[in-house]
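# Notes for the structure review
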Amino acid sequence: MSVGAGAVEIIDLEPAAADLATDAIAGLVATPKTLPCKLFYDKRGSELFDRICTLPEYYPTRTEIGILHDRIAAIVDVVGPNVQLVELGSGSSEKTRILLDALRDPVAYAPIDISREQLLESADRIHRAYPSLQVQAVCADYTGSFSVPEPRRPPARRVAFFPGSTIGNFHEREARHFLRRIARIVGVGGGLLIGVDLRKSEETLVAAYDDAMGVTAEFNLNALHRLNREVGADFVVDQFEHRSIWNRELGRIEMHLVSRVEQSVEIAGRRFDFAAGEAIRTESAYKYDLEQFAAIADEFRVERVWCDAERNFSVQYLVAECEVDGASPGRLVGSS
Ligand code: AVJ
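Residues numbered from 1 in each chain as written. Predicted model: local features only at pLDDT ≥ 70, side-chain atom pairs only at ≥ 80, totals over all residues. Heavy atoms only, no water.

### Points about the overall build of the chain
Looking only at helices and strands, one finds eleven helices and 13 strands in the chain. Against the compact-globule benchmark of 20 Å for 336 residues, the chain has a radius of gyration of 21 Å, which places it among compact chains. Based on the C-alpha atoms only, the size of the chain along its principal axes is roughly 65 × 45 × 40 Å. Looking at the chain as a whole, 49% of its 336 residues qualify as buried. Within the chain, contacts between residues at least 6 apart in sequence are counted, and of these 70% link residues at least 24 apart. For the chain, the exposed area adds up to about 15,700 Å²; of that, 49% sits on carbon and sulfur atoms. (Helix = DSSP H or I, 4+ residues; strand = E, 2+ residues; numbered from the N terminus. Rg over C-alpha atoms; globule rule 2.2 N^0.38 Å. Buried < 20%, exposed > 50% of the residue type's maximum accessible area, 1.4 Å probe, protein only. Contact = heavy atoms within 4.5 Å. Areas by Shrake-Rupley, 256 points an atom, 1.4 Å probe, with all protein chains shown as cover.)

Below, the structure is given as structure tokens:
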């Protein structure tokens, strides 16, 4: 589907309709019980997430925006002119605008998002703010397989933008695979501008996921409200409480919903029993050292890393390299 000359183009890859009940049940039969973190982002959850981003304890958003603002000259310098900018999960366009305001002659902006409504809204906003920029909205699940359309004007390179430290929500193996897929999508010499949250004191991390105003608790509990609303589950939400813990061994923050009492819950005709104190893990957010992250992004070369003064958060520019059978990337590029 494509709408009128000069308007936003929509490439609809028809992401499979999310089957909430199936995903929830798959997590709840596991030991320990889990629920997928994508459950958070219905309309209410997305609003709560936007509020989280403004909380004093939640340092990642303002720190990343600060780095982007302060280092934008250096960033556009390494990214270069005439790029096709591909955004993975185009939720908040505030970060995108910082880039688009400074990039030299970007060829096209291709936001990729699973939520059609949000995608069209944000693509349209960008189109109105940058009328001469080709906007290629791709409705797809960026964690699945997707392709990026060629822009009208040939780009110097493709650069993916993946802010927010959302990479932290992937387990290590998934993160490795995901980053390899991105490397293939941007191609050798293409780039990835990514926000990566860093290890820091347990106190700071736990507070970022358990704020004093209780917004994160509400965000977490909304997953249960959503299952009640959308698949007719019968969670008594008051009988669960939010918890955020630092798992030192695995290097991740975990959000849990802890059952306050012994109880059972029914979802789509299946019953799940909870012991008093039993937890459902609803999110993992891995926090990396720079070295660790570089090892995971193994088909990229880390070109530049920008941090805030406290080294709480990093914005990194990675360049895709071919890494096949130990052959040197230079030779591979030269011979292909
Ligand atoms: C920005 C989606 C990666 O782990 O920080 C914020 C979401 N969860 N508070 C994060 C989140 C709880 C989040 N991501």
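Read on for the rest.
### Some thoughts on the sheet that holds strand E12 (residues 300–307)
Remark on secondary structure: sheet strands pair via backbone hydrogen bonds, oriented parallel or antiparallel. The strand order E1-E4-E3-E2-E5-E6-E13-E12 describes an open sheet built from eight strands, whose pairing is mixed. Sheet topology places strand E1 (9–12) and E12 at the edges, where each strand pairs with a single neighbour. Between one strand axis and the next, the sheet turns by 20 degrees as a mean value, whatever way the strands run. Two strands pair when backbone bridges link them, and strand E2 (residues 83–88) and strand E5 (residues 157–162) are joined in this way by five bridges, in the parallel orientation. Residue pairing across strands places Val 86 opposite Ala 160, the latter belonging to E5. (Pairing = 2+ DSSP bridges. Axes fitted to C-alpha atoms, helices over the stretch in contact; angles between N-to-C directions.)

### Brief notes about the packing of helix H3 (residues 59–70) against helix H5 (residues 93–102)
Look at H3 against H5: their axes get within 10 Å of each other, and the N-to-C directions meet at 10 degrees. Taken together, the axes of H3 and H5 are roughly parallel relative to one another. Counting all contacts with H3, which are made through Thr 61, Glu 64, Ile 65, Leu 68 and His 69, the residues of H5 involved are Glu 94, Lys 95 and Ile 98. Tallied by class, residues from the contact of H3 with H5 come to three nonpolar, two polar and three charged. (Parallel < 35°, antiparallel > 145°, perpendicular 65-115°, else oblique. Nonpolar A, V, L, I, M, F, W, Y, C, P; charged D, E, K, R; others polar.)

### Considerations on the site of the ligand
Taken together, 13 residues are adjacent to the ligand, and Tyr 58, Gly 164, Asn 169, Tyr 209 and Glu 283 come closest. In this structure, Tyr 58 approaches the ligand through a side-chain N or O atom, which is 2.4 Å from an oxygen atom. One nitrogen or oxygen atom from the side chain of Glu 283 is found 2.6 Å from a nitrogen atom belonging to the ligand. Burial of the ligand by the protein amounts to 95% of the accessible area it has alone, namely 350 Å². Counting residues per element, the ones that place at least two in the shell around the ligand are helix H2 (43–52) and strand E11 (279–286). By residue class, the composition of the shell around the ligand is eight nonpolar, four polar and one charged. (Near = heavy atom within 4 Å. Polar contact = N/O pair within 3.5 Å; in protein donor to acceptor, adjacent residues only side chain to side chain.)

### A look at the nonpolar core
Counting residues in each nonpolar core, the largest one holds 37 residues, and the members touching the most others are Leu 35, Leu 224, Phe 235, Phe 240 and Ile 267. Looking at which element gives the most residues to this core, the answer is helix H9 (residues 215–231), with six residues. If near-sequence neighbours (up to four positions away) are discounted, Leu 35 is found in contact with Ala 24, Leu 28, Leu 224, Leu 227, Ile 280, Arg 281 and Thr 282. Counting 32 residues, the second largest nonpolar core, distinct from the first, contains Ile 72, Ile 98, Leu 119 and Trp 306. (Core = buried A, V, L, I, M, F, W, Y, C linked by side-chain atoms within 4.5 Å.)

### Quick look at the sheet that holds strand E8 (residues 252–259)
In space, the three strands of this open sheet follow the order E7-E8-E11, with antiparallel pairing throughout. With one partner strand each, in any of the chains shown, strand E7 (240–247) and E11 form the two edges of the open sheet. Within this sheet the neighbouring strands show an average axis-to-axis angle of 20 degrees, counted without direction. Pairing analysis gives seven bridges linking E8 to E11, with the strands arranged antiparallel.

### So, the environment of Leu 192
The topology assignment puts Leu 192 in strand E6 (residues 191–197). Setting aside chain neighbours within four positions, we find Leu 192 in contact with Ala 160, Phe 162, Leu 179, Ile 182, Phe 300, Gln 316, Tyr 317 and Leu 318.

### Considering the environment of Pro 60
Along the polypeptide, Pro 60 turns up in helix H3. What makes Pro 60 buried here is its relative accessible area of 4%. Spatially, the C-alpha atom of Pro 60 lies 15 Å from that of Ser 284, the residues being 224 residues apart in sequence. Apart from residues no more than four positions distant in its own chain, Pro 60 is found in contact with Asp 197 and Phe 313.

### Points about unusual backbone geometry
A cis amide bond links Thr 31 with the next residue in sequence, Pro 32, at an omega value of -10 degrees. Although it is not a glycine, Ala 268 sits at a positive phi angle of roughly 45 degrees. Residue position: Ala 268 is located in the loop between strand E9 (263–267) and strand E10 (270–274). On the accessibility criterion, Ala 268 (51% relative accessible area) is exposed. Look at Arg 311: it is not a glycine, yet its phi comes out positive at around 55 degrees.

Geometric descriptors of this kind do not, in isolation, establish any biological role.
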